[in-house]
Amino acid sequence: ITADPGNDYDPSWLPDGQSLVFSSDRASRGDLYRVRVADGHTDRLTTNFVGRAIMPAVSPDCTKVAFAAQTMRVGAFWNFQVHVLDLATGRTEPVPATGGACWPSWGRDGRTLYNVQLEREPSAIQRRDLATGTVTVAHANPTLWSYYPRVSPDGQWLVMSVSPEHHDGENWDLALVSTSDPGRRVPLTTGGGNDRMADWKPR
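Keep in mind that this is a model prediction, so the values were computed, not measured.

Asks: Summarise the overall build of the protein; cite the residues concerned and give the values.
Replies: The helix and strand tally for the protein stands at zero helices and 16 strands. The globule rule puts the C-alpha radius of gyration for 203 residues at 17 Å, and the 17 Å found for the protein is close to it. By its C-alpha atoms, the protein is 45 × 40 × 40 Å across when sized along the principal axes. Counting the 203 residues in the protein, one finds 44% classified as buried. Taking the contacts inside the protein whose residues are at least 6 apart along the sequence as the reference set, 30% of them involve residues at least 24 apart. As displayed, the protein has an accessible area near 10400 Å², and 51% of this comes from carbon and sulfur atoms. Distance between charge centroids for the protein: 3 Å, based on 20 positive and 23 negative side chains.

Spelled out as structure tokens, the structure:
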């Protein structure tokens, strides 16, 4: 699909299945691009975005892209903030009060964003109503780090990766969490190794 000598990563499908949005360092530290699957035609969506534009997620109506960008260094790690790109206008806006947030994922209504919250340890998953700004906890566990949320086609479940060790042991498993009952978690995989970045098969 792409053949540029730079690094192309974090692809996200547009819901019509015709194009992908991805992050690349081909012309900067990290910007967003859209590529047509049929012929490889590529458009640059951001230009020298401050803090690198990474981890894109396309909205269900194909009009917006949520993504993360590094903000400032905190100790030994970079902090992140979630932004939203309007594909029609090319304008980007930071999502308020999303410091320490990354890996955004859209709810099926297109008005809700889920993201990883890194400012607590272990990390948790937040749900954010973009219209009202209301933020709730979609999943938190005192012994498990939570990453890579993806919403099911019916909006009833989040699939995510969980790990007791974060970067120390690299032992990730998949779990389901109910979007209506954050305390309801169903393990999907167990054992050693890294099970990460799951996505849903369309209905």
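Asks: Tell me about the nonpolar core, residues and numbers included.
Replies: With 21 residues, the main nonpolar core has Met55, Cys102, Trp103, Ile125, Tyr147 and Leu158 as its most contacted residues. Of all the secondary-structure elements, those providing two or more residues to this core are strand 5 (53-58), strand 9 (101-106), strand 10 (112-117), strand 13 (145-151), strand 14 (157-163) and strand 15 (173-178). Once residues lying within four places of it in the same chain are set aside, the contact partners of Trp103 are Asp10, Met55, Ala68, Tyr114, Asn115, Val116, Tyr147, Tyr148, Pro149 and Met197.

Asks: Let's hear about a nonpolar patch on the surface: which residues, and what values?
Replies: A contiguous nonpolar surface patch, about 320 Å² in accessible area, is contributed by Ile1, Trp13 and Val37. On the secondary structure map, Val37 appears in the loop between strand 3 (31-36) and strand 4 (42-44). Val37 gets classed as partly exposed once you look at its relative accessible area, which sits at 34%.

Asks: Summarise the sheet that holds strand 4; cite the residues concerned and give the values.
Replies: Taken in spatial order, the four strands line up as 1-2-3-4 in an open sheet, and their pairing is antiparallel. Two strands lie at the open edges of the sheet, namely strand 1 (8-13) and strand 4, each paired on one side alone. Adjacent strand axes in the sheet meet at a mean angle of 25° when their direction is disregarded. Looking at chain direction, strand 3 and strand 4 are connected through three bridges and run antiparallel. When the bridges of strand 4 are listed, Tyr33 appears paired with Arg44.

Asks: Which residues make up the packing of aromatic side chains, and what values do they have?
Replies: The tally for this structure, following the rule as stated, stands at six aromatic pairs. Here Phe22 and Tyr33 contribute two aromatic rings whose centre-to-centre distance is 5.7 Å and whose plane-to-plane angle is 20°, an arrangement assigned as stacked. Separated by eleven residues along the polypeptide, Phe22 in strand 2 (residues 19-24) and Tyr33 in strand 3 bring together distant segments of the chain. Measuring from centroid to centroid gives 5.1 Å for Trp103 and Tyr148, while their planes differ by 80°, and the two rings are edge-to-face. Here Tyr148 lies in strand 13 and Trp103 lies in strand 9, a separation of 45 residues in the sequence. Pair check on accessibility: Trp103 and Tyr148 agree, each one buried.

Thresholds, definitions, all that
- Residues numbered from 1 in each chain as written.
- Predicted model: local features only at pLDDT ≥ 70, side-chain atom pairs only at ≥ 80, totals over all residues.
- Heavy atoms only, no water.
- Helix = DSSP H or I, 4+ residues; strand = E, 2+ residues; numbered from the N terminus.
- Rg over C-alpha atoms; globule rule 2.2 N^0.38 Å.
- Buried < 20%, exposed > 50% of the residue type's maximum accessible area, 1.4 Å probe, protein only.
- Contact = heavy atoms within 4.5 Å.
- Areas by Shrake-Rupley, 256 points an atom, 1.4 Å probe, with all protein chains shown as cover.
- Lys, Arg positive; Asp, Glu negative; His and termini not counted.
- Charge placed at Lys NZ, Arg CZ, Asp CG, Glu CD.
- Core = buried A, V, L, I, M, F, W, Y, C linked by side-chain atoms within 4.5 Å.
- Patch = residues over 30% accessible without salt bridge, like charges linked within 9 Å, V, L, I, M, F, W, Y side chains within 5 Å.
- Salt bridge = Lys/Arg side-chain N within 4 Å of Asp/Glu carboxyl O.
- Pairing = 2+ DSSP bridges.
- Axes fitted to C-alpha atoms, helices over the stretch in contact; angles between N-to-C directions.
- Phe/Tyr/Trp six-rings, centres within 6.5 Å; stacked < 30°, edge-to-face > 60°.

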